[in-house]
Amino acid sequence: MVAEDFKDFKLKPMKCELNYLSKSDGSAILAQGETVVLASVNGPLDIKITSQSMEKATLEVLFSAKGGKPNVSDRFKESVIRQTCETAILGCLYPRTGITVTIQELEDFGGLLTCAVNCTCLALLNSGLSMKHVVAAVGCALDDSGNLVLEPTYDQIQSAAATMHFVFDSRAKTLVTGFTTGIFSEGAYDEALERCRAASDLVFDFYREVVATYCKVIG
């Protein structure tokens, strides 16, 4: 399954397999271009009383880089993904339990965080947890000439004046999470936001294809 062009937008080819891990409640492996991420979901599970919330499930996100010990960048990714997932999961249905999301970087050729968010969403869908909506992450880079590049490559990111990443919900395409680096104008930000919002339709369409194919397999 490959995401097709949408108007003048083009994202990296996307490929996914659900139920990739047999011992998790939900899992997915996702490739966006040459960037590959594996995500698994376990829960709701019993957890220590000291970690329980009376109102909702306690969500833990663990990100493992391809090599080396965890660093500040990995903790940032965990924070972004956790905050994003908390907006999507109906945690109030699972009070006093824990949900653990584990993400493993396999290859990074640009767009690692957006790939990780999208892979996590697919793993959550596979887990069967109740959700308010699904989410789609799209990133872009602003080059030295002021041009916006959707889903830039690793080299384009390294030479970019700024990078912008956005996560949208599937209901109203409302901005759920946004994170940026570099220097850019307000106009460039607004243009990047709207282009990524429109391009998120490609990601949501891809989700539908994946879920439809999976339903046929288990049906």
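Just so we're clear, the structure is a prediction, and the values are computed from it rather than from any experiment.

A. Layout of helix H2 (residues 112-127). Between its first and last C-alpha atoms H2 spans 22 Å; for 16 residues at 1.5 Å apiece the expected length is 22 Å, and the two agree. Summarising burial for H2: 15 of the 16 residues are buried, a large majority. Backbone geometry just downstream of H2 places Gly128 in the positive-phi region, at approximately 85°.

B. Region of interest: the UniProt feature "domain: Exoribonuclease phosphorolytic" (unreviewed entry) in the protein. The UniProt record marks residues 11-129 with the feature "domain: Exoribonuclease phosphorolytic" (unreviewed entry), using the residue numbering of this structure. Across residues 11-129, helical content stands at 28% and strand content at 35%; the span's end C-alpha atoms are separated by 28 Å.

C. A look at the side chain of Ser27. Residue placement: Ser27 occurs in strand E2 (residues 26-32). For Ser27, a relative accessible area of 0% corresponds to the buried category. In this structure, Ser27 is in contact with Glu17, Leu18, Asn19, Tyr20, Leu21, Ala39, Ser40, Ala123 and Asn126, ignoring residues within four places of it in sequence.

D. Representation of the pairing of strand E1 (residues 14-18) in the model. Burial along E1 is one-sided: Met14, Cys16 and Leu18 are buried, while Lys15 and Glu17, pointing the other way, are not. Two strands pair when backbone bridges link them, and E1 and E2 are joined in this way by five bridges, in the antiparallel orientation. Looking at the pairing, Glu17 lines up with Ile29 of E2.

E. Molecular detail of the environment of Val134. With respect to the secondary-structure elements, Val134 resides in the loop between H2 and strand E6 (135-142). Sequence spacing of Val134 and Leu93 is 41 residues, and the spatial spacing of their C-alpha atoms is 17 Å.

F. Structural view of the packing of helix H1 (residues 72-88) against H2. Remark: H1 packs on H2, axes separated minimally by 10 Å, with the N-to-C direction vectors making an angle of 40°. By the angle between their axes, H1 is oblique relative to H2. Judged by the sense of rotation from one axis to the other, the crossing of H1 with H2 is right-handed. On H2, the residues that touch Phe76, Lys77, Val80, Ile81, Thr84 and Cys85 of H1 are Leu112, Leu113, Ala116, Val117, Thr120 and Leu124.

G. Main features of the sheet that holds strand E4 (residues 58-64). Here five strands make up an open sheet; going across it, the order is E1-E2-E3-E5-E4 and the pairing mixed. For this open sheet the edge positions go to E1 and E4, each flanked by a neighbour on one side alone. Within the sheet, the average angular offset between the axes of one strand and its neighbour, ignoring direction, is 15°. Where H2 meets the sheet, its contacts fall on E1, E2, strand E3 (35-46), E4 and strand E5 (97-107), and the angle it forms with E2 comes to roughly 150°.

H. Local environment of the pairing of strand E9 (residues 175-182). Pairing geometry for strand E8 (residues 162-169) and E9, over seven bridges, is antiparallel. Counted as the bridge partner of Met164 is Thr180 from E9. Linkage of E8 to E9, two consecutive antiparallel strands, is achieved through a turn of five residues, within which Lys173 is found at a positive phi near 55°.

I. Here's a closer look at the environment of Gly26. As for its placement among the helices and strands, Gly26 is situated in strand E2. Accessibility expressed as a relative area gives 0% for Gly26, which makes it buried. When the C-alpha positions of Gly26 and Ala116 are compared, they lie 15 Å apart, and in sequence the two are 90 residues distant. Apart from residues lying up to four places away in sequence, Gly26 is in contact with Ala39, Ser40, Val41, Ala123, Asn126 and Ser127.

J. Highlighting the sheet that holds E8. Judged by pairing direction, the sheet is antiparallel, and its four strands sit side by side in the order E7-E6-E8-E9 without closing on themselves. Unpaired on one side and paired on the other, strand E7 (148-150) and E9 mark the two borders of the sheet. Looking at each pair of strands side by side, their axes are set apart by 20° on average, direction ignored. Of the strand pairs in this sheet, E6 and E8 are connected by eight bridges, and their pairing is antiparallel.

How each quantity is defined
- Residues numbered from 1 in each chain as written.
- Predicted model: local features only at pLDDT ≥ 70, side-chain atom pairs only at ≥ 80, totals over all residues.
- Heavy atoms only, no water.
- Helix = DSSP H or I, 4+ residues; strand = E, 2+ residues; numbered from the N terminus.
- Expected span 1.5 Å × (residues − 1).
- Buried < 20%, exposed > 50% of the residue type's maximum accessible area, 1.4 Å probe, protein only.
- UniProt positions renumbered as here; feature names shortened; annotations may be inferred.
- Contact = heavy atoms within 4.5 Å.
- Pairing = 2+ DSSP bridges.
- Axes fitted to C-alpha atoms, helices over the stretch in contact; angles between N-to-C directions.
- Parallel < 35°, antiparallel > 145°, perpendicular 65-115°, else oblique.
- Left-handed = near helix turned anticlockwise from the far one by under 90°.

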